[in-house]
Amino acid sequence: MKPTFLARVLSGLVLTSGFVHAEATQPNILYIMSDDHAVQALSAYGHPISQLAPTPNIDRIAQNGALFTRSYVTNSLCGPSRAAMLTGKFGHENGFMFNGQVFDGTQPNWPNTLQRNGYTTAMIGKWHINRIPNGFEFDHWDILNDQGEYYNPDFITPDGVTMEMGYTTDLITEKTLTWLDETRDKSKPFALLMHHKAPHRNWMPAPRHTQLFEEVVFPLPDNFHDSYAGRKAAANQSMTIAHHTQEGHDLKMTVAKGEDEWREDIWPHLLARLTDEQREAWDAAYRDRNDYMNANEAAWSDVEMAEWKYQRYMQDYLATIVAVDESVGAVLDYLEEADLLENTLVVYTSDQGFFLGEHGFYDKRFMYEESFSTPLVMQLPGVIAPGTEVDALVQNIDYAPTFLQLAGMAVPEAIHGRSLLPLLTEAEPHDASIEGKAASTDGWRDALYYHYYEYPGFHDVARHYGVFDGRYKLIHFYNPGDDWEFYDLETDPSEMHNAINDPQYHQEVARLRARLAALQQEYRVAPIETWRDAPLERVPNPSLESLFPESFQ
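Source: prediction; values computed, not measured. (Residues numbered from 1 in each chain as written. Predicted model: local features only at pLDDT ≥ 70, side-chain atom pairs only at ≥ 80, totals over all residues. Heavy atoms only, no water.)

A.B. asks: Just to check I follow, could you spell out the packing of helix 11 (residues 276-296) against helix 12 (residues 302-337) for this structure?
C.D. replies: Relative to each other, helix 11 and helix 12 sit at 170 degrees, their axes nearing to 12 Å. Here helix 11 lies roughly antiparallel to helix 12, going by the angle between them. Counting all contacts with helix 11, which are made through Tyr286, Arg289, Asn290 and Met293, the residues of helix 12 involved are Met305, Trp308, Arg312, Gln315 and Asp316. In terms of residue class, the contact of helix 11 with helix 12 is made up of four nonpolar, two polar and three charged. (Axes fitted to C-alpha atoms, helices over the stretch in contact; angles between N-to-C directions. Helix = DSSP H or I, 4+ residues; strand = E, 2+ residues; numbered from the N terminus. Parallel < 35°, antiparallel > 145°, perpendicular 65-115°, else oblique. Contact = heavy atoms within 4.5 Å. Nonpolar A, V, L, I, M, F, W, Y, C, P; charged D, E, K, R; others polar.)

Following this line, the structure appears as structure tokens:
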């Protein structure tokens, strides 16, 4: 049997100028990331919700490569998660712990390292760290303004700002395919970051998908009506579907039967971007459902209204993912047609997980499973065997060392993450004998560290940190309050029963306290007093007018 691609790369390594380079052909890297895509909403993971709204194209990556069953983030918040992914470091060392900070793009990061060592690089889609990629050396970048809009968004390039007509997911796909086919330097391997806005709030589906799930009834999580007993931080949040979603902005509820005007809309500029034709189609798609709600609202109980809101939320959230899945399919098809599939690592993930009604929540931030976990699938023929499942504890700090090692470059010692390559099966492409094989986790990490800093902030989630060993989870909520939570996910997978004072777990709690302290020492985390009352010093992004005055003349 001929050597695998990875073996061929590693056998050709030579040390040059402090970096390791590969004499063999280096793989391309296509890193696809969506925003707020819950594990429950990716059908390769088998959750009942995703079986009603499948993702067949993203599933192709898992079928042709690896599915990571225990993939997590370091901080379940958009900007900090992106910073960890780019640098391989926790926020306390990469300098980005909460949204609104300034990220130093000149610090070591994998896109810059690859670009300096022979790769052509591009960033297309949602950036959401600083206004523009300052300090990054992308050969090409074409990014959304801040959060971006679902319809007719502003895109920023080095040449200025342009409002582009169309649906944002589709526009990102078109830009990606154009760069791959027409713009990139084809004499070099490429590293492309393709970042979607969807399915981030406010969940506006493409015109072709607005009614896709209109008749689907999604299963209500068992703990949708959680009382939060024994969990102070969970009780004090402001992120429930029933009480905290914006009825206009988030749920597209109208003011009265026969009316198309939205109720409370905290960001009306998003809907205002629609053309008259788009707005007419939008209103027509939602009118019957909204009229039904308006006609029955007075007779519904609070529980009935909460459950109606849940269905509306799920219909729109999942419909935005359909366009993302179509995008992934289009890009995979292009790679195959262009004979690039065999030499391209394709990664699909999200910047964090998301609550789909569990505990009554939407959004993320908590160290609870639905927020803490994130989907992760990868394919690279000849390196990753089809159908591989990886059940090791991995985090988004592991992406940077993985990409660097795969490209034949040195992994800096200061990186907190670890390369995932040892977890991935080395086998010939399409070897049916190893399909479904689980990768070895011998010698891998035995626990994960997490830290969320953004309080006060959106949704009022307390600052907290914690440790998770794959079964037991220990969390310390320290501002506001000083509360510990402990969960045995084997007996309490929904994290409903805080067992911190349960005598049967005293030994495990003590063990995790010690493991938590060891991880904080390993990752060079300052004492908790440093973070407890530290102010959130946010720096406003510079205006687009100041950066690109010619675009606004």
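After that view, the rundown keeps rolling.
A.B. asks: Quick question: what am I supposed to make of unusual backbone geometry here?
C.D. replies: As a rule of thumb, non-glycine residues mostly have phi less than zero, and peptide bonds are mostly trans rather than cis. Here Ala198 and Pro199 are connected by a cis peptide whose omega angle stands at 0 degrees. Note that Pro199 resides in the loop between strand 10 (190-195) and helix 8 (232-236). Positive phi outside glycine occurs at Asn152, with the angle close to 50 degrees. Along the chain, Asn152 turns up in the loop between strand 7 (140-144) and strand 8 (154-157).

A.B. asks: Looking at this structure, I do not really get the packing of helix 7 (residues 168-183) against helix 12. What am I missing?
C.D. replies: Angle between the axes and distance between the axes: these two values describe a pair of packed helices. Put simply, helix 7 and helix 12 touch, their axes get as near as 9 Å, and they point 10 degrees apart. Taken together, helix 7 and helix 12 sit at an angle that is classed as roughly parallel. Regarding helix 7 and helix 12, the two cross each other, and that crossing is right-handed. Here Thr169, Thr173, Thr176, Leu177, Leu180 and Asp181 of helix 7 lie close against helix 12, whose contacting residues are Ala323, Val324, Ser327, Ala330, Val331 and Tyr334. Of the residues that constitute the contact of helix 7 with helix 12, the class distribution is seven nonpolar, four polar and one charged. (Left-handed = near helix turned anticlockwise from the far one by under 90°.)

A.B. asks: What should I look at first to understand the side chain of Lys364 in this one?
C.D. replies: Considering the arrangement of structural elements, one finds Lys364 in the loop between strand 11 (344-350) and helix 13 (369-372). Classification of Lys364 as buried rests on a relative accessible area of 2%. For Lys364, the contacting residues outside a window of four places in its chain are Asp36, Ser76, Leu77, Cys78, His200, Met239, Gln352, Gly353, Phe354, Phe355 and Ser371. (Buried < 20%, exposed > 50% of the residue type's maximum accessible area, 1.4 Å probe, protein only.)

A.B. asks: Where do I start with the sheet that holds strand 12 (residues 376-379) in this structure?
C.D. replies: Whenever strands of a sheet pair, they do so through backbone hydrogen bonds, lying parallel or antiparallel. Taken in spatial order, the ten strands make up an open sheet running 9-8-7-6-10-3-11-12-4-13, and their pairing is mixed. In the strand order of this sheet, the two ends are held by strand 9 (160-163) and strand 13 (388-390), each with one partner. Strand-to-strand twist across the sheet, computed as the mean angle between neighbouring axes with direction ignored, equals 15 degrees. In the sheet, strand 6 (residues 120-125) pairs with strand 10 via six bridges, with the strands oriented parallel. (Pairing = 2+ DSSP bridges.)

A.B. asks: Would you mind going over the environment of His506 with me for this structure?
C.D. replies: Looking at where His506 falls in the secondary structure, it is placed in helix 15 (residues 506-522). Exposure remark for His506: the relative accessible area of 44% places this residue in the partly exposed category. Spatially, the C-alpha atom of His506 lies 47 Å from that of Gly125, the residues being 381 residues apart in sequence.

A.B. asks: Looking at this model, I keep getting lost on helix 12. Mind explaining?
C.D. replies: Since there are 3.6 residues in each turn of an α-helix, residues three or four apart along the chain are aligned in direction. Counted at 1.5 Å a residue, the expected span for helix 12 with its 36 residues is 52 Å, and the 53 Å between its end C-alpha atoms agrees. Helix 12 sits mainly inside the fold: 27 of its 36 residues count as buried. Positive phi shows up at Asp339, right after helix 12, with a value of about 60 degrees. (Expected span 1.5 Å × (residues − 1).)

A.B. asks: Just checking my understanding: could you explain the nonpolar core for this structure?
C.D. replies: Side chains of a nonpolar character, in soluble globular proteins, are inclined to be buried together. If you look at the biggest cluster of nonpolar residues, it comprises 51 residues, and the most contacted ones within it are Tyr313, Tyr317, Leu318, Leu356 and Phe366. For this core, the elements supplying multiple residues, two or more each, are helix 8, helix 12, strand 15 (448-452) and strand 17 (472-479). Here this core takes eleven residues from helix 12, the largest share from any one element. Formed by 50 residues, the second largest nonpolar core is a distinct cluster that contains Ala66, Phe138, Val383 and Ala392. (Core = buried A, V, L, I, M, F, W, Y, C linked by side-chain atoms within 4.5 Å.)

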